[in-house]
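# Residue-level structural notes
Chain residues, written in single-letter form:
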Amino acid sequence: MFQGTKHYWLLAVIAVLLIGVLGCENLLEDALNVEVDMNEPLFNGTYNEPVTQVNVASNLTVSNSSAKVAKASGFGSANFTVDDTRKLLFALDFGSVTIEAEILNESATVETITFYFSTEPSLSDPVTGGASLIFSEDLAAGSNSIDESLTDGVNGLNQTDAVVVSNFKDFFSANQGQGTYTVYAVIADGADNVTVTSFILDIGAVFIQTESFTSDSLEKYASENAQLDGGYIDGSVMVNGSAVTTFKIYLGDTGGLYPPANHVVASKEGIAAGATYIMAEANKSDYMVNQSYLDETLTALSNGSVSSVEANLYISSEAAVNVTLISSVRGTLTLGN
């Protein structure tokens, strides 16, 4: 009986010791893991940007009389510049792009004009030579005006707005930042001269600002086992301008190109003129697009997996951009050793 009692007492002592050891380990782990309220400034300032237009062509005459020998169709070409293709691509995605054109059809019948874009200025035939078709339009005899919004859902060209937008995006996404491009205007064989008096892309106003987080800028949050949870962007967006405004914040290095859609972390469309939009933890589901991506990216920066992370702010408006933005990155960062 006594031997059995000693045995049970020994087991009890061992159990108490194990519980004590495990408890100490948990206490030690808790002591080594520190939770920090992250509050890092992001974009702060008043940002202004005028409306932008791309002058594609003016007084461009398309004549078959000098083209029939070499080609089945007549065409004319002109070079044009795009100062920042990122603005055009953003406007196509989230802003308002309008095609404005004046075209004179000297034929007595309806003729079709087709516009192609290319990075090659000297194609012998844009139809078969690799140029990208953007859109076409049937022209009545005499003067024709085109005023086509690509975001209003009303299709006034031979292709739907969605197709024209897709054609623009495909071309400029594949040929970003080249500066100079060529437009080819093509008419059918046998048509009389067609003159493109003007061809303008009105892309509204797009403001772009880039900031970088570096391992040095987040040094106070640095830890080998750092982990950001519940990350979000807080602050306010005040629209001082006269038109509805959209903003988006992208995270991730772009190399100067337009950011991919999966880089968006915060977004709010349709903020009214004169309004102030508040960003806070309580309403973050209304504007935070990808919290997990924000957490993963800044965690990688804090634990040293990457040395820098780029943040890009895009603001668009049909009228001039005039926005005051105050923002910072918030979240709970667990620092472990």
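Structure's up top.
Procedures and definitions
- Residues numbered from 1 in each chain as written.
- Predicted model: local features only at pLDDT ≥ 70, side-chain atom pairs only at ≥ 80, totals over all residues.
- Heavy atoms only, no water.
- Helix = DSSP H or I, 4+ residues; strand = E, 2+ residues; numbered from the N terminus.
- Areas by Shrake-Rupley, 256 points an atom, 1.4 Å probe, with all protein chains shown as cover.
- Pairing = 2+ DSSP bridges.
- Axes fitted to C-alpha atoms, helices over the stretch in contact; angles between N-to-C directions.
- Salt bridge = Lys/Arg side-chain N within 4 Å of Asp/Glu carboxyl O.
- Buried < 20%, exposed > 50% of the residue type's maximum accessible area, 1.4 Å probe, protein only.
- Parallel < 35°, antiparallel > 145°, perpendicular 65-115°, else oblique.
- Left-handed = near helix turned anticlockwise from the far one by under 90°.
- Contact = heavy atoms within 4.5 Å.
- Nonpolar A, V, L, I, M, F, W, Y, C, P; charged D, E, K, R; others polar.
- Polar contact = N/O pair within 3.5 Å; in protein donor to acceptor, adjacent residues only side chain to side chain.
- Core = buried A, V, L, I, M, F, W, Y, C linked by side-chain atoms within 4.5 Å.
- Expected span 1.5 Å × (residues − 1).
- Arc of directions from axis to C-beta.

Turning our eyes to something else, we now look at the overall build of the protein. Looking only at helices and strands, one finds 4 helices and 16 strands in the protein. For the protein, the exposed surface amounts to about 16000 Å²; the carbon and sulfur share of it is 51%.

A word on the sheet that holds strand E12 (residues 245-251). The strand order E10-E15-E12-E13 describes an open sheet built from 4 strands, whose pairing is antiparallel. With partners counted over all chains shown, the strands left at the sheet margins are strand E10 (205-214) and strand E13 (264-271), one partner each. Taking the axes of each pair of neighbouring strands and ignoring which way they run, one obtains an average angle of 10° across the sheet.

For the coordinates displayed, the defined rule picks out 7 salt bridges. The closest approach of N and O atoms between Lys-169 and Asp-93, which form a salt bridge, is 2.6 Å. Of this pair, Lys-169 sits in helix H3 (residues 161-174) while Asp-93 sits in helix H2 (residues 85-94), and the two are 76 residues apart along the sequence. Look at Lys-169 and you get partly exposed, because its relative accessible area is 27%. When its relative accessible area of 29% is taken as the criterion, Asp-93 is described as partly exposed. Asp-286 is paired through a salt bridge with Lys-268; the nearest N and O atoms lie 3.1 Å apart. Placement of the pair is Asp-286 in the loop between strand E14 (276-279) and helix H4 (291-302) and Lys-268 in strand E13, with a sequence separation of 18 residues. For Asp-286, a relative accessible area of 42% puts it in the partly exposed group.

A pair of packed helices is captured by two measures, namely the crossing angle of their axes and the spacing between those axes. Contact geometry for H2 and H3: axes closest at 10 Å, N-to-C directions at 155°. Judged by the angle between their axes, H2 and H3 are roughly antiparallel. Viewed along their axes, H2 and H3 form a crossing whose handedness is left-handed. Residue-level inspection shows Thr-85, Leu-88, Leu-89, Leu-92 and Asp-93 of H2 in contact with H3, the latter providing Val-165, Phe-168, Lys-169, Phe-172 and Ser-173. Residues that form the contact of H2 with H3 fall into these classes: 6 nonpolar, 2 polar and 2 charged.

Mapping Asp-202 onto the fold places it in strand E9 (residues 194-202). A relative accessible area of 18% means that Asp-202 is categorised as buried. Separated by 150 residues in the primary sequence, Asp-202 and Thr-52 have C-alpha atoms spaced 6.5 Å apart. When residues no more than four places from it in sequence are discounted, the contact partners of Asp-202 are Val-51, Thr-52, Gln-53, Ser-96, Val-97, Thr-98 and Glu-100. Reaching out from Asp-202, the side chain makes a polar contact with the backbone nitrogen of Gly-204 at a distance of 3.1 Å.

Our focus in this paragraph is the nonpolar core. Across soluble globular proteins, you tend to see nonpolar side chains buried next to one another. Counting residues in hydrophobic clusters, the biggest one holds 47 residues, and the most contacted among them are Ile-99, Phe-117, Phe-168, Phe-172 and Phe-199. Every residue in contact with Phe-117, bar those within four places of it in the chain, is listed here: Val-56, Phe-80, Ala-131, Ser-132, Ile-134, Phe-168, Phe-171, Phe-172, Thr-182, Val-183 and Phe-199. With 35 residues, the next largest nonpolar core counts Leu-42, Phe-213, Val-239 and Ala-266 among its residues.

Spatially, the 4 strands line up as an open sheet ordered E3-E8-E5-E6, and their pairing is antiparallel. Both edges of this open sheet fall to strand E3 (74-81) and strand E6 (132-139), since each of them pairs with a single strand only. This sheet shows a mean twist of 20° between the axes of neighbouring strands, independent of strand direction. Note that strand E5 (residues 111-118) and strand E8 (residues 180-187) share 6 bridges and pair antiparallel. Pairing of Ser-118 across the sheet is with Thr-182, part of E8. Contacts from H3 reach E3, E5, E6 and E8 within the one sheet, and its direction differs from that of E6 by about 145°.

Our focus in this paragraph is H3. End to end, H3 covers 20 Å across 14 residues, agreeing with the expected 20 Å (1.5 Å per residue, within 8%). Among the residues making up H3, those that are buried are Asp-161, Val-164, Val-165, Asn-167, Phe-168, Phe-171 and Phe-172. The arc that holds every buried residue of H3, seen down its axis, measures 160°, which confines them to one face. Among the exposed residues of H3, those pointing more than 90 degrees away from its buried face are Ala-162, Asp-170 and Ala-174.

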